[in-house]
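Residue-level structural notes
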Amino acid sequence: MLAVGTGWELLSWGVELADGSVVEGLGLVAGRAVPLAERATGDLVVESAFGRLVGFENHARSYVGAEASVLGRVLSGVGNGAKTEGLRMGSFLGTHLHGPVLARNPGLADHILSAAVTRAGGVYVRSERAAAADAIAEAATAVVVSTLSLDADS
């Protein structure tokens with residue numbers, strides 16, 4: 001399962017609002033969303049097990065309580081705060097990455113497709129057509145990384 005933004009937060013223990021009230025979550029994943037001092041907007045670049053992930057973040061909350069299960073390490077942007085981003089627990093992935101996240105991050109998309117096909121008893125093989133689309137996404141990632149003055153090893 002992939003959950004982005006508030007959808008992810010609502011699957012957690014809950015969402016703390018700026019006025020101190022709490023919206024109870026479903027409690028399906030560890031952690032909770034807590035208010036940031038100011039809204040996080042802009043490009044977000046994350047190093048993860050699925051490669052370098054890029055997207056746009058636009059959120060007013062960070063995420064705490066699941067620091068041992070993060071999606072990746074923030075290279076640029078805010079993410080969860082504390083230089084981490086997202087949540088990875090078993091087959092669940094939660095993230096602040098928008099952009100759209102799967103179109104911009106072929107390694108992550110391939111991981112999710114592979115897991116789904118394997119679960120159904122098949123074997124996922126990336127097609128030649130997918131490789132061409134992935135090359136476009138990888139070129140776009142390179143532009144974001146260059147614009148943010150991150151090098152390939154950051």
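Read on for a plain summary of the structure. These numbers were taken from a predicted model, which means no experiment stands behind them.

Moving on: unusual backbone geometry. Omega for the peptide link from Gly99 to Pro100 comes to -10°, which places this bond in the cis form. In this fold, Pro100 is placed in the loop between β9 (92-95) and α2 (101-104). With a phi angle near 60°, Lys83 is a residue other than glycine that sits in the positive phi range. Take Lys83: it is sitting in the loop between β6 (72-76) and β7 (84-85).

Here Arg52 lies in strand β5 (residues 51-64). Classification of Arg52 as buried rests on a relative accessible area of 17%. Of the polar contacts made by the side chain of Arg52, one reaches the side chain of Glu47; its length is 3.4 Å.

A separate point is a nonpolar patch on the surface. Nonpolar side chains collect at one region of the surface, where Leu10, Leu17 and Val23 lie side by side and expose about 190 Å² of accessible area between them. Inspection of the secondary structure puts Leu10 in helix α1 (residues 6-11).

Helix length check: helix α3 (residues 106-119) (14 residues) gives 20 Å between terminal C-alpha atoms against 20 Å at 1.5 Å per residue, within 8%. Turning to α3, its buried residues number three or more, namely Pro106, Leu108, Ala109 and Asp110. Residues of α3 that are buried make contact with β5, β9, α2 and α4 (128-147). Looking one or two residues beyond α3, the residue adopting positive phi is Gly121, at roughly 95°.

Pairing of strand β4 (residues 32-48) with β5, which is carried by 13 bridges, proceeds in the antiparallel orientation. Bridge assignment links Thr41 to a residue of β5, and that residue is Asn58. Two elements, β4 and β6, share four bridges in a ladder whose sense is antiparallel. In the sheet register, Glu47 faces β6, and the bridge partner there is Arg73.

Now for α4. For α4, with 20 residues, the first-to-last C-alpha span of 29 Å sits near the 28 Å given by 1.5 Å per residue. Of all the residues in α4, the buried ones are Asp134, Ala137, Thr141, Val144 and Val145. Along the axis of α4, the buried positions cluster into a sector of 95°, meaning they face one direction only. Counted as exposed and oriented over 90 degrees from the buried face of α4: Glu128, Arg129, Ile136, Val143, Ser146 and Thr147. Those residues of α4 that are buried are in contact with β4, β5, α2 and α3. One or two residues past the end of α4 sits Ser149, with phi positive at roughly 60°.

Reading the values: rules and limits
- Residues numbered from 1 in each chain as written.
- Predicted model: local features only at pLDDT ≥ 70, side-chain atom pairs only at ≥ 80, totals over all residues.
- Heavy atoms only, no water.
- Helix = DSSP H or I, 4+ residues; strand = E, 2+ residues; numbered from the N terminus.
- Buried < 20%, exposed > 50% of the residue type's maximum accessible area, 1.4 Å probe, protein only.
- Polar contact = N/O pair within 3.5 Å; in protein donor to acceptor, adjacent residues only side chain to side chain.
- Patch = residues over 30% accessible without salt bridge, like charges linked within 9 Å, V, L, I, M, F, W, Y side chains within 5 Å.
- Areas by Shrake-Rupley, 256 points an atom, 1.4 Å probe, with all protein chains shown as cover.
- Salt bridge = Lys/Arg side-chain N within 4 Å of Asp/Glu carboxyl O.
- Expected span 1.5 Å × (residues − 1).
- Contact = heavy atoms within 4.5 Å.
- Pairing = 2+ DSSP bridges.
- Arc of directions from axis to C-beta.

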